[in-house]
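Working through the structure, step by step
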Amino acid sequence: MRNVAGTLPELEDEDFYLLSGIEQGMRFSEWVQREKLPKFTGLTDEEVTYRLERCLKRGLVEKKTIQYEGYTLQFEGYDLLALRALVERDTISEFGSPLGVGKESDVYEVKSYKPLALKYHREGYTNFREVHKERDYTSDNRHVSWMYTARKAAEREYEILESLFPDVSVPRPIDQNRHAIVMEKMDGVELSRVKLTDGQVLGVLDLLLSELTRAHDAGYVHADLSEYNVFVGEDGVTIFDWPQAVPTDHENAAEFLARDVENLLGYFRRKYPRKVPEDVSSGDLATSIADGSFESVANVV
């Protein structure tokens, strides 16, 4: 996904009126009829034409002629709407380098009073049908779009981070707008890229399982945990990517918790053979997390 931060200074208020108007129209249809844009944007017909040319040139909107001439936001246009709102709130003052690009999100370093991270949710853009079917936050909406899916994912993740922080080691949430979340930048290295010493393996695993216990006590199961959404640093571990988390009273919460634990055990056993006792059961660990009795892997053996 293209970084559009450099486009922000090029745009004028009327360009954002157009983008916002298309966003408003997309609540009713994926493609917004050209004749309805003056109503949605508050611009004259001539001004709409001029602004459409500017935004089409920059790849912020897309045009399609079906039974009518229609326009839809590109994700880059949606990015700019969120970015502008965060800048106007003084949440962000500078835009930096990419920190990570994935299937369901792009993360960039940004600055304010300190280095922060800006996460754009991308759910629904390339795998809309799969995400719509699997995620609780879209399953009850029949007229959902990629834009709605990404915004709901951001809103849900921000809400969960606010519930978990600071009792659970998650990124501190700072602000949220549309499909974007601003959070504190994490220190450390992704677990998948860390080489632990023999003496550190069980200690790091214990830290992670303890965080899962605290999250469970706070009412949530991550439900998609792997070595790719854990950071390991000098101060411990941080677990991120929570939009798919489920409450502990969810009908599948126990199953998801057991899968999270199994994912962790499987990773540690593959990368550090014989460092995790073979008689440690993911089911027993998940049970100890759920009932609040977990203290260490050694105690569960």
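Structure: above.
Just so it is clear, the structure is predicted and the values come from calculations on it, not from any experiment. (Residues numbered from 1 in each chain as written. Predicted model: local features only at pLDDT ≥ 70, side-chain atom pairs only at ≥ 80, totals over all residues. Heavy atoms only, no water.)

Our focus in this paragraph is empty space enclosed by the protein. Counted by the stated rule, this structure contains one cavity of 30 Å³ or more. In this structure, the largest cavity encloses a volume near 40 Å³. As for the largest cavity, its lining consists of R2, N3, V4, A5, D79, L83, F95, Y108, Y120 and R122. Residue classes in the lining of the largest cavity are distributed as six nonpolar, one polar and three charged. (1 Å grid on protein atoms, 1.4 Å probe; cavity = no way out; pocket = protein on both sides within 12 Å on 5 of 7 lines; lining within 4 Å. Points joined across faces, edges and corners; volume = space filled by probe spheres on them. Nonpolar A, V, L, I, M, F, W, Y, C, P; charged D, E, K, R; others polar.)

What follows is about the nonpolar core. Counting 42 residues, the largest nonpolar core has L208, L209, W242, V261 and F268 as the members making the most contacts within it. Contributions of two or more residues to this core are made by α7 (146-164), α8 (201-217), β10 (220-221), β11 (230-233), β12 (236-239), α9 (253-271) and α10 (282-290). In terms of residue count, the dominant contributor to this core is α9 (eight residues). Lining this core are residues from two domains, each supplying at least three of them: domain 1 (5-184) and domain 2 (189-299). Those residues in contact with F268 that sit more than four places away from it in its chain are L191, L196, V201, V204, L205, L208, P273 and V276. Counting residues in hydrophobic clusters, the runner-up holds 38 residues, among them L11, L18, L80 and I92. (Core = buried A, V, L, I, M, F, W, Y, C linked by side-chain atoms within 4.5 Å. Buried < 20%, exposed > 50% of the residue type's maximum accessible area, 1.4 Å probe, protein only. Helix = DSSP H or I, 4+ residues; strand = E, 2+ residues; numbered from the N terminus. Domains from an automatic or database assignment. Contact = heavy atoms within 4.5 Å.)

In this section: the sheet that holds strand β1 (residues 32-33). What holds strands together in a sheet is hydrogen bonding between their backbones, with the strands either parallel or antiparallel. Taken in spatial order, the three strands make up an open sheet running β1-β3-β2, and their pairing is antiparallel. Strands at the two margins of the open sheet, each flanked by one partner only, are β1 and β2 (61-65). Relative to strand β3 (residues 69-73), β2 is paired through five bridges, and the arrangement is antiparallel. Counterpart to E62 in the pairing with β3 is T72. Strands in contact with helix α1 (residues 13-25) are β1, β2 and β3; relative to β3, the strand with the most contacts, it is inclined by about 100°. Its contacts with the sheet put helix α3 (residues 45-57) on β2 and β3, and the angle it makes with β2 is roughly 110°. (Pairing = 2+ DSSP bridges. Axes fitted to C-alpha atoms, helices over the stretch in contact; angles between N-to-C directions.)

The subject of this paragraph is the environment of R84. Inspection of the secondary structure puts R84 in helix α4 (residues 75-88). Along the backbone, R84 and P9 are 75 residues apart, and their C-alpha atoms lie at a distance of 9.8 Å.

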